[in-house]
Amino acid sequence: MATDSPAARRMREAAIAEFAERGYGASSTRDIAARIGLSAAAMYPHYRSKEELLYAISVDGHRGALEALRSADSATDPPLHRLKAVVAAFAHWQAQHTALARVVQYEIRSLTTAHYRHVRQLRQDTTAVLRKILVAGQASGDFDVEPVEGILLAISSLCVDVCRWFPSKTFRQPGQVGALYADLAAKIVGRGAGDTTTPGD
């Protein structure tokens, strides 16, 4: 994969916009390059193919989401506070980076097998952050999360789906979405939304 040069970043940004609007299959390297006033050939010193460009975007996006969750978590906090903080961060990230999130979620099947495996591992690392919190809450008796994997799927799916609809008439700020989803997660694990202060923006 190419180094992270300014030209490569511009191409990724153009590709994100193109893929989010038209879909990976309907987009061409010519379309992507045209967004930044270049010829299609200008892409190849940085990315050898459209798929490699999608892979770079997918890695960026999944690493960004993973870092957001890890940064929000504090292992010394009570499980409910941890859950609300991490879910708020996850939903906030999806809303703040809607186009990027839409591409990395909906176009993953267009990756080659090797690239897909790498990205799938990043996805598993992301859900592992939530799983660890749910297991801790179950062990302490704070959460009613049986089965854990079902609750994990429900909460993860809620957060990931933000990129499909955000913004809406009612919710136009990422912080609003983060606070709402933190409270929803608390209810899902059997705790009222008012049990702790909802993490801020």
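Look up: the structure comes first, before these words.
No experiment lies behind these values; they were computed from the predicted model shown.

Some points on the overall build of the protein
What the protein contains, in helices and strands, is nine helices and zero strands. Along the protein, from the amino end to the carboxyl end, the secondary structure elements read α-α-α-α-α-α-α-α-α. A globule of 201 residues ought to have a C-alpha radius of gyration of about 17 Å, and the protein, at 18 Å, matches this closely. In terms of principal-axis extent, the alpha carbons of the protein reach across some 60 × 35 × 25 Å. Burial statistics for the protein: of 201 residues in total, 45% are counted as buried. Restricting to contacts in the protein with at least 6 residues of sequence separation, those with at least 24 account for 66%. When the accessible surface of the protein is split by element, carbon and sulfur atoms take 52% of a total near 9800 Å². Positive and negative side-chain charges in the protein, numbering 24 and 21 respectively, have mean positions lying 5 Å apart.

Quick notes on a nonpolar patch on the surface
Taken together, the side chains of Leu158, Leu180 and Leu184 make up a nonpolar region of the molecular surface, amounting to roughly 190 Å² of accessible area. For Leu180, the location among the structural elements is in helix α9 (residues 174–188). Overall, Leu180 belongs to the partly exposed group, its relative accessible area being 31%.

A few points about the pattern of salt bridges
Under the counting rule described, the total for this entry stands at 10 salt bridges. In this structure, Glu18 and Arg22 form a salt bridge, with 2.9 Å as the shortest nitrogen-oxygen distance. Pair noted here: Glu18 and Arg22 are both in helix α1 (residues 6–22), with a separation of four residues, about one helical turn. One salt bridge in this structure joins Arg22 and Asp31, with 2.9 Å as the shortest N-O distance. Residue Arg22 is classed as partly exposed on the basis of its relative accessible area, which comes to 44%. Of the residues examined, Asp31 reaches a relative accessible area of 24% and is grouped as partly exposed. Where salt bridges share partners, they join Glu18, Glu21, Arg22, Asp31 and Arg35 into one cluster.

Comments concerning the environment of Ala186
By the element assignment, Ala186 lies in helix α9. On the basis of relative accessibility, which here comes to 0%, the residue Ala186 falls in the buried class. Sequence separation of Ala186 and Leu80 is 106 residues, and the distance between their C-alpha atoms is 7.0 Å.

Points about the side chain of Thr29
Within the secondary structure, Thr29 is located in helix α2 (residues 29–35). With sequence-adjacent residues up to four places away left out, Thr29 is seen in contact with Ala40, Met43, Tyr44 and Lys50.

Considering the environment of Pro174
Of note, Pro174 is situated in helix α9. Exposure remark for Pro174: the relative accessible area of 16% places this residue in the buried category. Residues Pro174 and Leu80, 94 residues apart in the sequence, show an inter-C-alpha distance of 21 Å. With residues near it in sequence (within four places) discarded, Pro174 still touches His92, Ala95, Gln96 and Phe166.

Overview of the side chain of His115
The topology assignment puts His115 in helix α6 (residues 113–140). Beyond its immediate chain neighbours, meaning those up to four positions away, His115 contacts Glu51 and Tyr55.

Notes on the packing of helix α4 (residues 79–96) against helix α5 (residues 98–106)
Interhelical geometry of α4 versus α5 gives an angle of 100 degrees and a closest axis separation of 5 Å. In terms of their interaxial angle, α4 and α5 are classed as roughly perpendicular. Judged by residue contacts, Trp93, Gln94, Ala95 and Gln96 of α4 engage Thr98, Leu100, Ala101 and Gln105 from α5. A per-class count over the contact of α4 with α5 returns four nonpolar, four polar and no charged.

Criteria and thresholds
Residues numbered from 1 in each chain as written. Predicted model: local features only at pLDDT ≥ 70, side-chain atom pairs only at ≥ 80, totals over all residues. Heavy atoms only, no water. Helix = DSSP H or I, 4+ residues; strand = E, 2+ residues; numbered from the N terminus. Rg over C-alpha atoms; globule rule 2.2 N^0.38 Å. Buried < 20%, exposed > 50% of the residue type's maximum accessible area, 1.4 Å probe, protein only. Contact = heavy atoms within 4.5 Å. Areas by Shrake-Rupley, 256 points an atom, 1.4 Å probe, with all protein chains shown as cover. Lys, Arg positive; Asp, Glu negative; His and termini not counted. Charge placed at Lys NZ, Arg CZ, Asp CG, Glu CD. Patch = residues over 30% accessible without salt bridge, like charges linked within 9 Å, V, L, I, M, F, W, Y side chains within 5 Å. Salt bridge = Lys/Arg side-chain N within 4 Å of Asp/Glu carboxyl O. Axes fitted to C-alpha atoms, helices over the stretch in contact; angles between N-to-C directions. Parallel < 35°, antiparallel > 145°, perpendicular 65-115°, else oblique. Nonpolar A, V, L, I, M, F, W, Y, C, P; charged D, E, K, R; others polar.

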